[in-house]
Amino acid sequence: MNAPALPFPELRDELIAHRAALWAHYRDARQPFPALAAHAGLIDGIIARVWQAQGLEAEVAVIAVGGYGRGELYPHSDIDLLILLPDEPVAALESRLEDTISAFWDLGLEVGHSVRTIDQCLEEADRDVTVETTLLEQRLIAGPDALHARLLAALERRLDPVAFFEAKLLEQQQRHNKSFGVANNLEPNVKESPGGLRDIQTILWIGHALGLGDNWNALAKRAILTRAESRLIRHAERQLARIRLDLHLIANRREDRLVFDLQQQAAAEWGLVDTPAQRASEQLMQIYYRAARTIIQLNGILLPNFRTRLYSQTPYLSRPVNERFKAVNDMLALRDFDEFEHNPSAILEAFILLARNPELTGLAPRTLRALWHARGRINDRFRRDPANHALFMTLLREPSGVTRALRRMHLYGVLGRYIPAFGRITGQMQHDLFHVYTVDEHILMVVRNLRRFAVPAFNHEYPLQSQIISKFDQPDLLYLAGLFHDIAKGRGGDHSQLGTADAREFCTEHGLDDEQTALVVWLVREHLTMSAVAQKEDIYDPDTVVRFAAFVGTPRRLAALYLLTVADIRGTSPKVWNAWKAKLLEDLYHATLRILRSADDFDVRTLLGERMDEARALLRLAAVPEGVEEKLWRHLDDVYFMRHEPRDIAWHARVLNRITDTREPVVRARLSTSREGIKVLVYLPDQPDLFARICSFFGNTTYSIADAKVYTTTNGYALDTFHVFVPEHCDEAYRDMINFIEFELAATLARQDAICPPRTGRIDRHLKFFPITPQVSIRSDDRNDFHVLSIVAGDRRGLLANIACVLAHYQIAVHSAKIMTLGSRVEDSFLLTGAALKDPRTSLAIEGELLDILQV
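All of these numbers come straight from a predicted model, not from anything done at the bench. (Residues numbered from 1 in each chain as written. Predicted model: local features only at pLDDT ≥ 70, side-chain atom pairs only at ≥ 80, totals over all residues. Heavy atoms only, no water.)

**Q** Account for the overall build of the chain, with residues named and values stated.
**A** Along the chain, the regular secondary structure elements total 39 helices and 15 strands. For the chain, the spread of C-alpha atoms along the three principal axes comes to 100 × 75 × 55 Å. Sequence separation of 24 or more characterises 71% of the internal contacts of the chain that already satisfy a separation of 6 or more. With an accessible surface of roughly 36,700 Å², the chain has 51% of that area assigned to carbon and sulfur atoms. Across the chain, the mean location of the 101 positive side-chain charges is 3 Å away from that of the 113 negative side-chain charges. (Helix = DSSP H or I, 4+ residues; strand = E, 2+ residues; numbered from the N terminus. Contact = heavy atoms within 4.5 Å. Areas by Shrake-Rupley, 256 points an atom, 1.4 Å probe, with all protein chains shown as cover. Lys, Arg positive; Asp, Glu negative; His and termini not counted. Charge placed at Lys NZ, Arg CZ, Asp CG, Glu CD.)

**Q** Can you lay out the sheet that holds strand β6 (residues 325–328) for me, pointing to particular residues and giving the numbers?
**A** Read across the sheet, three strands follow the order β5-β6-β7 without closing on themselves; strand pairing throughout is antiparallel. Two strands in the sheet have a free side with no partner beyond their single neighbour: β5 (318–320) and β7 (331–334). Neighbour to neighbour, the strand axes of the sheet diverge by 35° on average, direction disregarded. Sheet topology places β5 next to β6; three bridges connect them, and they run antiparallel. Paired with S318 across the two strands is V328, which belongs to β6. (Pairing = 2+ DSSP bridges. Axes fitted to C-alpha atoms, helices over the stretch in contact; angles between N-to-C directions.)

**Q** Give me the lowdown on the packing of helix α15 (residues 346–356) against helix α19 (residues 402–411), citing residues and values where you can.
**A** Each pair of packed helices can be summarised by the angle the axes make with each other and by the distance between the axes. Between α15 and α19, whose axes approach to 8 Å, the crossing angle comes to 145°. The crossing of α15 and α19 is right-handed. Contacts between α15 and α19 involve L348, F351, L354 and A355 on the former and, on the latter, R404, A405, R408 and M409. Taken together, the residues of the contact of α15 with α19 sort by class into six nonpolar, no polar and two charged. (Left-handed = near helix turned anticlockwise from the far one by under 90°. Nonpolar A, V, L, I, M, F, W, Y, C, P; charged D, E, K, R; others polar.)

**Q** Give a description of the packing of helix α8 (residues 161–178) against helix α13 (residues 280–310) that names residues and reports values.
**A** Running from amino to carboxyl end, α8 crosses α13 at an angle of 155°, the nearest separation of the two axes being 11 Å. With respect to their mutual orientation, α8 and α13 come out roughly antiparallel. The two elements α8 and α13 meet at a crossing, and its hand is left-handed. Listed contacts from α13 to P161, V162, F165, E166, L169 and Q172 of α8 are N299, L303, F306, R307 and L310. Residues belonging to the contact of α8 with α13 are distributed by class as follows: seven nonpolar, two polar and two charged. (Parallel < 35°, antiparallel > 145°, perpendicular 65-115°, else oblique.)

**Q** Which residues make up the sheet that holds strand β2 (residues 79–85), and what values go with them?
**A** Read from one edge of the open sheet, four strands run β3-β2-β1-β4, paired in mixed fashion. At either margin of the open sheet sits one strand with a lone partner, and together these are β3 (111–117) and β4 (138–142). Neighbouring strand axes in the sheet, compared pairwise and without regard to direction, differ in orientation by 30° on average. Across seven bridges, β2 lies against β3 in parallel orientation. Among the inter-strand pairings, L82 is bridged to a residue of β3, identified as S114. Lying on the sheet, helix α4 (residues 91–106) is in contact with β2 and β3; it crosses β2 at an angle near 165°. The strands that helix α5 (residues 118–127) touches are β2 and β3; relative to β3, the one it contacts most, it runs at about 110°.

**Q** How would you explain the pairing of strand β1 (residues 61–65) if you had to name every residue and give the values?
**A** On a regular strand, one side chain projects to one face of the sheet and the next to the other, so that they alternate. Of all five residues in β1, five are buried; the element is thus mostly enclosed. Because side chains alternate across β1, one face comprises the buried residues A61, I63 and V65, and the other comprises V62 and A64, equally buried. Note that β1 and β2 share four bridges and pair antiparallel. Its bridge partner being in β2, I63 is matched across the sheet by L82. When β1 meets β4, the two strands line up antiparallel, connected through four bridges. (Buried < 20%, exposed > 50% of the residue type's maximum accessible area, 1.4 Å probe, protein only.)

**Q** How would you sum up the nonpolar core? Please name residues and give values.
**A** In summary, soluble globular proteins display a tendency toward joint burial of nonpolar side chains. Core analysis: the largest hydrophobic core is formed by 158 residues, its most contacted members being F306, F340 and F392. Take this core: its biggest share by element is 13 residues, from α13. Counting residues in each nonpolar core, the second largest holds 54 residues, with V680, V724, M737 and L807 among its members. (Core = buried A, V, L, I, M, F, W, Y, C linked by side-chain atoms within 4.5 Å.)

**Q** Before we move on, could you go through helix α31 (residues 604–621) and cite the residues and values that matter?
**A** The terminal C-alpha atoms of α31 lie 26 Å apart, and with 18 residues this matches the ideal 26 Å at 1.5 Å per residue to within 8%. Regarding α31, the residues found buried are L607, L608, R611, A615 and L619. Taken down its axis, α31 places every buried residue within 120° of arc, on the same side. Facing away from the buried side of α31, by more than 90 degrees, are the exposed residues R605 and L621. Buried residues along α31 sit in contact with α28 (542–552), α30 (579–598), α32 (630–633), α33 (638–643) and α34 (646–656). Where α31 ends, the next residue or the one after it, A623, has phi of about 65°, a positive value. (Expected span 1.5 Å × (residues − 1). Arc of directions from axis to C-beta.)

**Q** Give me the lowdown on helix α2 (residues 32–53), citing residues and values where you can.
**A** Given a rise of 1.5 Å per residue, 22 residues ought to cover 32 Å, and the 32 Å separating the end C-alpha atoms of α2 matches this to within 8%. Once α2 ends, the next one or two residues include G55, with phi positive near 70°.

**Q** If you had to explain the pairing of strand β11 (residues 717–725) to someone new, which residues and values would you point to?
**A** Burial analysis of β11 places nine of its nine residues in the buried class, which makes it a mostly covered element. Taking every second residue as pointing to the same face, both faces of β11 are buried, with Y717, L719, T721, H723 and F725 on one and A718, D720, F722 and V724 on the other. Both strand β9 (residues 678–685) and β11 contribute to a ladder of eight bridges, which runs antiparallel. Pairing of L684 across the sheet is with A718, part of β11. Strand direction decides the pairing type here: strand β10 (residues 704–712) and β11, joined by eight bridges, are antiparallel. In the sheet register, T712 faces β11, and the bridge partner there is A718. Between the end of β10 and the start of β11, which pair antiparallel, lie four residues, with G716 showing a positive phi angle near 85°.

**Q** For the packing of aromatic side chains, give the residues involved together with the corresponding values.
**A** Inspection of the entire model under this criterion finds 19 aromatic pairs. Seen in terms of ring centroids, F697 and F698 are 5.1 Å apart; in terms of plane orientation they differ by 75°. Their pairing is edge-to-face. Judged by centre distance (6.2 Å) and plane angle (25°), the rings of F697 and F740 are stacked. Residue F697 is found in helix α35 (residues 690–699), and its partner F740 is found in helix α36 (residues 734–751); the two are separated by 43 residues along the sequence. By relative accessible area, which is 32% here, F740 ends up partly exposed. Sitting over the ring of Y68, R139 keeps its end group 5.2 Å from the ring centre. (Phe/Tyr/Trp six-rings, centres within 6.5 Å; stacked < 30°, edge-to-face > 60°. Lys NZ or Arg CZ within 6 Å of the ring centre and 35° of its normal.)

**Q** Break down the environment of A291 for me, with residues and values.
**A** By the secondary structure assignment, A291 is in helix α13. You can call A291 buried: its relative accessible area is 6%. Distance in space between the C-alpha atoms of A291 and F337 is 27 Å, their sequence separation being 46 residues.

Treat this as a map of the structure, not an account of what it does.
This is how it looks when you write it as C-alpha cells:
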C-alpha cells in the first residue's frame, strides 16, 4: 500500500509565509523568547502533519531535542529530532523514514536527526554527555505517548547527578579555554564564548539534573539564586538571545559570532546610532560585554551553590584564617555573612587573603553572594578611606597571586567600582586592528605580563625581563602604570596624556611620594615612546640612541619603560609580538643603558671601534683569516658601521671579501638571529630604482619586508640588507626559501626587469568596516641631511612595492626603511634623499600620489 502523497507545495508556502510574518513581528516587538517559542511551535505543526501523512504516528515517535526541544528555535538553527523506535526497524519502515526526512528537507527544514531505540539512546548517553544533555530537553511532537514515557523513565533511572555535574563543568572549562577564558575578544561567539548563552544553559541543565528546577523561577524558589539575581540573569539572557536572533536574520544563515561585518547592522536593529564619542557598533558591543559579564559573575555564584547542594553530605573542613574569615573546604568564607555590610573594607581584605593563600580556590558560595550584594558599598566614601588605600596597595605588593586577585576583583565588579575610570572602559572596543581584546581585558593582560616577568617559572620565556625586574625596586609602581596606561581610551584626545591625570590623582591619594608618582605618571604618558623609537627609527645609529637616552634620563626609567613596553605589546594580540620586535627593543635597551652608564664619557669613535672589534671576533670564530675583512671595509665609511650591528658587519665581510669588485648581482640570505624571518644581503654596482625593483620582487611573492638598510659604498656599490618575514603557517623549509630568494632575486636584478607595481592584494576584511585614513608626512630630519617619510595606512600585499615605485619615479633614494605592521595597520618610515624633496611643490605632489595608492 502506497503512503499518502505529502501536501508539499501547500506546506512549503505556508511555512515561508508564517516565518516571514513571525520575524517581521519580532522586529517590531523585539521580544526574543516569544518569537523563538512561536517558531518552534510552527515547526512542531509542520512536522506533526508530515508524520501523520506518512502514517507513522501509531508506531514511531518523533521527539524534539536540544534547543528545539527547549522551545527556543532560532531562524537558522538545526531542527534536532530524535526518531524513537520501539524495536529495530524493518526495511519497509526504514524506507518510509528516509522518505519523511527527505520531505522535511524539501520543505526547507534543516533537520538534524538520529534514529534510535530506547536502549540505543541510553548507550549513546553513557558514551557522550552531549547526547545525554540533548535528551534532557525533549518534547514529543507526534507518536505514541507510551513510548515517549518509557524513554523518560529510563533516562531518569540512569541519570547520575554527580557525574553529570562534573562532566558539564569540565565541558564548560574546555569551551572557555578555546577562547583563552576571555569573554572580551572583539568578535565573540554569542553562544559559545565565556558568558554566552551556553553558560546559561549549563546552569539550567545542571539544575534539571539535580532535580532543583530547569527555569529561573524554580531555582529562585529553591534559593539557588535570589529574586534580584534572577532578574539580572533573565535580562542578560534576553539581551544575548536578541543579539543572536538579529545575527541570524541579518546574515540570513546560522551565524552566532558578532563579527565586525555584522556589528553595525546589528546595532541598527537595536536603534543605536553613531555619536561623536562612540560608534553604534561600539555601543552594542558594550551591551553584549556587560550581559556576558553578568552571566560569568552569576555562573561563578550558582555553580558553587550547586556543588554545595550536591556534596552536602561531605564533611566540612574548616579552619580560621583571621577574625573575619575562615577556610571551608579550600574556599574563603566569612565568619559573619553580614561582615561586608558592616565593614566594607573586608571586601578588599578578602582578595588579599586569596592572593596570600594559593591553596584557596575562591570564595565560598554564600560569601560570594554576600560580596555580590555588598558591591554598592564601594562608593566615594569607600574610595576616600585611607584604610582602603592601604589595603589596595598591600594587594599590589603581594609576592604572588596579584593577577588572579585583580581578575577576580574585575569579574565581580569590584575593580571598576574602586577605580571608576577602569569601570568606564569595561567592555570598550579598540578599533586599531591589532588589539584583539577590549580595553579592560588588555590592561589586565599587561599587568599579568609584568607579574610573569617576576615569576621564576617563566625565566626561560622572559630571560632579560626577569633579570631586570628582579633588580627593580618597588615593582608595584610598574603594575600601577600597567593599570593606568590605557585607562583614558575612548575619551577623545591623546589617551597617554589624559591618563596621566587619573594616574597622578590615584598615586597621590594612595600615599606615593613625589618620586614614585612621577615615575608612574611618566610611564603612563610615555608608554608608546620606546616601541615607536625601536620600530620606526634606526636604533643602530648612535645619534638615535643618544637622543633616546637623553629623553629617558636614568637607568631606572629605562628599565621601567622597557618592561612596560614589552608587557604592553605582548598584551595586544598573540600575533603582534614576535622575536624580531623583541630583538629591536632589547638592542635599544642595551645601547641606551650603555650611554646612560657612561654619562659624559660616551664617544662615537670608541663605539664604532668596539663594533668593528666585535665583528672581527665573530669572523675569527667563523674561521675567516685575520685581515680579510679589510678588502670590503676600505670601501665603507662611518655611516655604514653606525647603522649595522656587528653580526651583520661580520656576515657582509665574510660573504663579500672575495668579490668586492664583481659586476654580477650578489644575493645571499640566512635565517635571522631572532629565528623569525630571513636576512637578505644584496650587493651589486649601484643603479637607479634598485630599492623599488627589490620591493617589487618581494611584493610579487608571499614574503614581506620588515626592515631595510640601504647603503652605497665609496666605490659605488649598493650594499643593502633586508629583514624578510615569511607567511604564517608556511610549510616550505627555510633552506628552500633561502635558495629561492638567492636565485630568483639575483636573476631579476641581472635582467633589470621593468619595475611594475605588483598586483593589489586582497584587503583585510576588518579594514572594510574599520577603515584607516591614510597619513603621509615628509619632513627634514634634525640635521637636515635626510628627509623622513612617515606613512600610516591599512595593510595589503604589495603596498611597499607601490610606495617604492612612486619614490623611484621622482628619483628619490631610500637609505633605510622601517616597516611596522600592527595587525592590519602599517606604520612605515623611510630615510630619503633626492632633489625633488627640496622643492615644496614637488614634495606635495609626492605626498598626493602616495595618498592615492594608499587608499583601500
